[in-house]
Amino acid sequence: MKPSVLFALLFACAVPALAQSPATPPNRFATASAPAERFDIQGMLVERHGSGARAMVLIPGLASGGWVWQETVREFAKDYTLYVVTLPGFDGRPALAGNPFDAAKAALTELIAARRLVKPVLVGHSVGATLSIALGEDLGERIGGVVALDGLPVFPRTEDMPPEQRATMAESFRQRMAAATPQAFAAQQQQYMRAVGVIDIGKADDLARLTARSDPAAAAAYAGAVLALDLRPGLPKLRAPVLALVPSYDPDNVAMGGTANDKLAYYRSLLAGTPKLDLVLIDNARHFAMLDQPRAVHDALRQFLKTL
């Protein structure tokens, strides 16, 4: 099986840039539901929706803002309290110095403690999914569940790299990605969204205009930090059940020389050692599966929540 969709997410910046269209129609993803509360923790924006007894923390992926979860907010706010975060450096937020992955973990840990969240369910996409796995390892019994939407404990096709090689590759990639101008970054986001992000071209262009609001250097820093990670040794420490949502789009599978079942098996292999693990294939969806197939994602999430 060739490199996965997640691999293409971070390496999309290496392909030639596409020209931006001069037209800027209304963006269907730009307006999200008004939160009941909005506050900052360590540079991380938090928006609270709903007032249910159980809490979910929704964590976007690379270069995404809380707007990426708006369909999920509409679906679950009537039954749960949702804390939707936007990480520093993304969606116009100021970036922070240092390792952004470690900073995000600290901010999310503070959110859980400050709001006295009892066994919250962490729902992460891409980099946000990797953060959710890391928090599950660190906080153990304090986490009630982990949902990883197309995000893994180790970057695909780097699982056999020795630590020194992984660190060198991560830093080299970070430097190359950080060198992109805002204009080049915006064009790269458009190409990525069209090729990997979602199936519908119109959705892809709307999403790219929003992800382009992120700081290219911050996106590079997060990407480099994730490339350097291997969380697999800590997977047996996970006490919370884990649901991995695996998007699958047949034309992409064929282009990569594999099948949906190949991809599912590969993701399962990278999550080996997780004590309580379930994987659900989201058919006819790319990396942003919650936007390609919101009903399928929400049905899988709701079924998972019933088991907790």
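Our structure is the block above this text.
The rules behind the values
Every chain begins its residue count from 1, and numbering advances along the sequence as written. With pLDDT at 70 or above as the cut-off, local features in this predicted model cover only qualifying residues; side-chain atom pairs require 80 or more to be listed or tallied, and sums for whole chains, interfaces and linings still use all residues. With hydrogens and water set aside, each side-chain value is computed from the structure's full complement of heavy atoms. We count a stretch as a helix when DSSP gives it H or I for four or more residues in a row; a strand needs E for two or more, and each element gets its number in order from the N terminus. C-alpha atoms define the radius of gyration in this analysis, and the globule rule sets the expected value at 2.2 Å times the number of residues to the power 0.38. When accessible area is computed with a 1.4 Å probe and restricted to protein chains, residues below 20% of their type maximum are described as buried, those above 50% as exposed, and intermediate ones as partly exposed. For this analysis, residues touch if any pair of their heavy atoms sits within 4.5 Å. For the area figures, the Shrake-Rupley method with a 1.4 Å probe applies, and any residue is considered shielded solely by the protein chains shown. Asp and Glu are treated as the negative residues and Lys and Arg as the positive ones, with His and the ends of the chain left uncounted. A charge is said to be at NZ when it belongs to Lys, at CZ for Arg, at CG for Asp and at CD for Glu. Put simply, a salt bridge is a Lys or Arg side-chain nitrogen that is within 4 Å of an Asp or Glu carboxyl oxygen. The span one expects for a helix is its residue count, reduced by one, times 1.5 Å. Two strands qualify as a pair provided that DSSP identifies no fewer than 2 bridges between them. Angular values range over 0 to 180 degrees, each being the angle between N-to-C directions of two axes fitted as lines to C-alpha atoms, with helices fitted over their stretch in contact. Any angle from 65 to 115 degrees is called roughly perpendicular, while one under 35 is roughly parallel, one over 145 is roughly antiparallel, and all others are oblique. Crossings are classed by handedness, with left-handed meaning an anticlockwise turn of the near helix from the far one by less than a right angle and right-handed meaning a clockwise turn. Only Asp, Glu, Lys and Arg are considered charged, only Ala, Val, Leu, Ile, Met, Phe, Trp, Tyr, Cys and Pro nonpolar, and every remaining residue, Gly among them, polar.

Peer 1: Explain the overall build of the chain to me, and be specific about the residues and the numbers.
Peer 2: What the chain contains, in helices and strands, is 12 helices and 8 strands. Taken over the C-alpha trace, the chain has a radius of gyration of 18 Å; the compact-globule value for 308 residues is 19 Å, and the two agree within 12%. Put simply, the chain has 308 residues, and 56% of those count as buried. For the chain, restricting intrachain contacts to residue pairs at least 6 apart in sequence, the fraction spanning at least 24 positions comes to 80%. Taken as a whole, the chain presents about 12,200 Å² of accessible surface, with 54% of it coming from carbon and sulfur. Side chains of the chain carry 31 positive and 29 negative charges; the gap between the two charge centres is 4 Å.

Peer 1: Could you give an account of the pattern of salt bridges, with specific residues and numbers?
Peer 2: All chains considered together, the criterion is met by 17 salt bridges. As a salt-bridge pair, Glu 37 and Arg 115 come within 2.6 Å of each other at their nearest N and O atoms. Note that Glu 37 is positioned in strand β1 (residues 37-41) and Arg 115 in the loop between α3 (100-114) and β5 (121-125), a separation of 78 residues in sequence. Between Arg 302 and Glu 75 there is a salt bridge whose closest N-O contact spans 3.3 Å. Note that Arg 302 is positioned in helix α12 (residues 294-306) and Glu 75 in helix α2 (residues 70-76), a separation of 227 residues in sequence. Exposure remark for Glu 75: the relative accessible area of 17% places this residue in the buried category. Connected through salt bridges with shared partners, the residues Glu 75, Asp 79, Arg 295, Asp 299 and Arg 302 form a single ionic network.

Peer 1: How would you sum up helix α6 (residues 182-197)? Please name residues and give values.
Peer 2: A rise of 1.5 Å per residue sets the reference length of α6, with its 16 residues, at 22 Å; its end C-alpha atoms lie only 19 Å apart and thus fall more than 12% short of the reference. Along α6, the residues classified as buried are Phe 185, Ala 186, Ala 187, Gln 188, Gln 189, Gln 190, Gln 191, Tyr 192, Met 193, Val 196 and Gly 197.

Peer 1: Give a detailed account of unusual backbone geometry, specifying residues and quantitative values.
Peer 2: A positive phi angle, near 45 degrees, is found at Lys 119, a position not held by glycine. Along the polypeptide, Lys 119 turns up in the loop between α3 and β5. The backbone of Asn 284 shows a phi angle near 60 degrees, a positive value even though the residue is not glycine. Within the element layout of this structure, Asn 284 appears in the loop between β8 (277-283) and α11 (289-292).

Peer 1: Please give an account of the pairing of strand β2 (residues 44-49) that cites residues and values.
Peer 2: With 5 of its 6 residues buried, β2 lies for the most part within the structure. Pairing of β1 with β2 involves 5 bridges; the strand directions are antiparallel. Each bridged residue has a counterpart across the sheet, and for Ile 41 the counterpart in β2 is Met 44. Counting the residues in the hairpin turn of β1 and β2 gives 2 residues, including Gln 42, whose phi is positive at 50 degrees. As defined by bridge partners, β2 adjoins strand β4 (residues 81-86) across 5 bridges and the pair is classed as antiparallel. Each residue of the ladder has a partner; that of Val 46, found in β4, is Val 85.

Peer 1: Give a detailed account of the packing of helix α5 (residues 163-178) against helix α8 (residues 216-227), specifying residues and quantitative values.
Peer 2: Interhelical geometry of α5 versus α8 gives an angle of 170 degrees and a closest axis separation of 8 Å. It follows that α5 is roughly antiparallel to α8 by the angle criterion. In this structure, the crossing between α5 and α8 has a hand that is right-handed. Contacts from Arg 166, Met 169, Ala 170, Phe 173, Arg 174, Met 177 and Ala 178 in α5 reach Pro 216, Ala 217, Ala 219, Ala 220, Ala 221, Ala 223, Gly 224 and Leu 227 in α8. In the contact of α5 with α8, the residues fall into 12 nonpolar, 1 polar and 2 charged.

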